[in-house]
Amino acid sequence: MKLLGILPFARFLLEQALEPGDIAIDCTAGNGHDTLFLANIVTESGKVYSFDIQEQAIKQTQIKMEENGINNRVCLINQGHETVAQVIPDEEHRKVKAAIFNLGYLPGGDKDIVTRPDSTLQAIQALLTIMPKGGTIVLVIYHGHEEGKNERKEVETFTEALDQRKAHVLKYQFTNQANNPPFIIAIEKR
Ligand SMILES: C[S@@+](CC[C@H](N)C(=O)[O-])C[C@H]1O[C@@H](n2cnc3c(N)ncnc32)[C@H](O)[C@@H]1O
């Protein structure tokens, strides 16, 4: 297929937003795939802050970083992404050029532990405040599960209402696929 799939497109957006030396945020570390991807883009002169509320996810991500020899530039935070503005020191805010959320539950983990609309929206708002102009937030929205349907609605309502002078909002979605496939909402701060 020539059209980029959802995950490749999410990565394409992150690559566009980030350069070596930047700070990137993985808002949902999970098994650490995105943290590793971000760490490779920002290189050893940059930094990745990676959040997850599950200790299991933080451990998995730590192991992945060690296996790849890049734990020196990754800061793992075992708490909710809604605390992002407090966790990242003020002097680093202007270097936060991209953030990724993979919403939903941890693949292979407890399906009852899912991202929730309130904390997701809090984190998006905090990121829009601290990021410099051009900062990009990529949300991969999984909406097959019950809580995901509600979260999808809330994220769409919130992002569609963002003032176009303050942010560009993009939706990337395959519209004729079965079983509620994930889609992307990306926000670029202006
Ligand atoms: C779909 S998984 C992420 C998959 C991950 N990107 C990967 O590469 O494996 C969603 C993750 O979000 C985490 N999560 C749920 N609520 C959270 C919150 N408020 N802050 C940070 N992480 C949260 C879950 O524990 C789960 O590990």
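This text follows the structure it describes.
As a starting point, this report considers the structure included with it. Just so it is clear, the structure is predicted and the values come from calculations on it, not from any experiment.

**A closer look at the overall build of the protein chain**
For the protein chain, the helix and strand inventory stands at 6 helices and 7 strands. Compactness check: the protein chain gives a C-alpha radius of gyration of 15 Å against a globular reference of 16 Å for 190 residues, within 12% of the reference. Counting contacts in the protein chain only where the partners sit at least 6 residues apart, residues at least 24 apart contribute 73% of the total.

**Some points on the packing of helix α5 (residues 117-130) against helix α6 (residues 146-160)**
With their axes 9 Å apart at the nearest point, α5 and α6 run at an angle of 30° to one another. Classified by the interaxial angle, the pair formed by α5 and α6 is roughly parallel. Considering the relative orientation of α5 and α6, their crossing is right-handed. Contact with α5, carried on its side by P117, T120 and L121, involves N150, E151, E154, V155 and F158 of α6 and no other residues of that element. A class-by-class count of the residues in the contact of α5 with α6 yields 4 nonpolar, 2 polar and 2 charged.

**Comments concerning the sheet that holds strand β4 (residues 96-102)**
Here 7 strands make up an open sheet; going across it, the order is β3-β2-β1-β4-β5-β7-β6 and the pairing mixed. Looking at which strands have only one partner, the edges of the open sheet turn out to be β3 (74-77) and β6 (167-172). Between one strand and the next, the sheet's axes are offset by a mean angle of 15°, whatever the strand orientation. Pairing analysis gives 5 bridges linking β4 to strand β5 (residues 136-141), with the strands arranged parallel. From the neighbouring strand, A98 faces β5, where its bridge partner is T136.

**As for helix α2 (residues 33-42)**
Within α2 the residues assigned to the buried category are D34, T35, L38, A39 and V42. On an axial view of α2, the arc spanned by its buried residues comes to 135°, and they lie on one face. Looking at the buried positions of α2, the neighbouring elements they touch are α1 (6-17), β1 (23-26), β2 (47-51), α3 (55-67), β3 and β4. Looking one or two residues past α2, T43 carries a phi angle of roughly 60°, positive in sign.

**Let's talk about the environment of E82**
Turning to its location among the elements, E82 is positioned in the loop between β3 and α4 (84-87). E82 gets classed as buried once you count the C-beta atoms within 10 Å, which come to 20. Along the chain, E82 and E66 lie 16 residues apart, while their C-alpha atoms are 26 Å from each other. When near neighbours in sequence (up to four residues on either side) are disregarded, E82 contacts S119, Q122, A123 and A126.

**Quick word on the pairing of strand β7 (residues 183-189)**
Pairing of β5 with β7, which is carried by 6 bridges, proceeds in the antiparallel orientation. Bridged to V140 within β7 is I184. In terms of strand pairing, β6 meets β7 through 6 bridges, oriented antiparallel. Directly across from K171, in β7, lies its bridge partner I185.

**Some details on α6**
Given a rise of 1.5 Å per residue, 15 residues ought to cover 21 Å, and the 22 Å separating the end C-alpha atoms of α6 matches this to within 8%. On its buried side, α6 packs onto α5, β5 and β7.

**A look at the pairing of β1**
Here is the key point about a regular strand: its side chains alternate between the two faces of the sheet. Neither face of β1 is open: one carries I23 and I25, the other A24 and D26, and all of them are buried. Sheet topology places β1 next to β2; 4 bridges connect them, and they run parallel. What sits directly across from D26, in β2, is S50. On the question of chirality, the crossover connecting β1 to the parallel β2 by way of α2 is right-handed.

**Regarding unusual backbone geometry**
Trans peptide bonds make up most of the peptide bonds, and negative phi angles are found at most residues other than glycine. The phi dihedral of T43 is positive, around 60°, even though this residue is not glycine. Although it is not a glycine, N179 sits at a positive phi angle of roughly 65°. Tracing the chain through its elements places N179 in the loop between β6 and β7.

Cut-offs applied
- Residues numbered from 1 in each chain as written.
- Predicted model: local features only at pLDDT ≥ 70, side-chain atom pairs only at ≥ 80, totals over all residues.
- Helix = DSSP H or I, 4+ residues; strand = E, 2+ residues; numbered from the N terminus.
- Rg over C-alpha atoms; globule rule 2.2 N^0.38 Å.
- Contact = placed C-beta atoms within 7 Å.
- Axes fitted to C-alpha atoms, helices over the stretch in contact; angles between N-to-C directions.
- Parallel < 35°, antiparallel > 145°, perpendicular 65-115°, else oblique.
- Left-handed = near helix turned anticlockwise from the far one by under 90°.
- Nonpolar A, V, L, I, M, F, W, Y, C, P; charged D, E, K, R; others polar.
- Pairing = 2+ DSSP bridges.
- Buried ≥ 20, exposed ≤ 12 C-beta atoms within 10 Å, placed from the backbone.
- Arc of directions from axis to C-beta.
- Expected span 1.5 Å × (residues − 1).
- Right-handed = clockwise from strand over helix to strand, strands pointing away.

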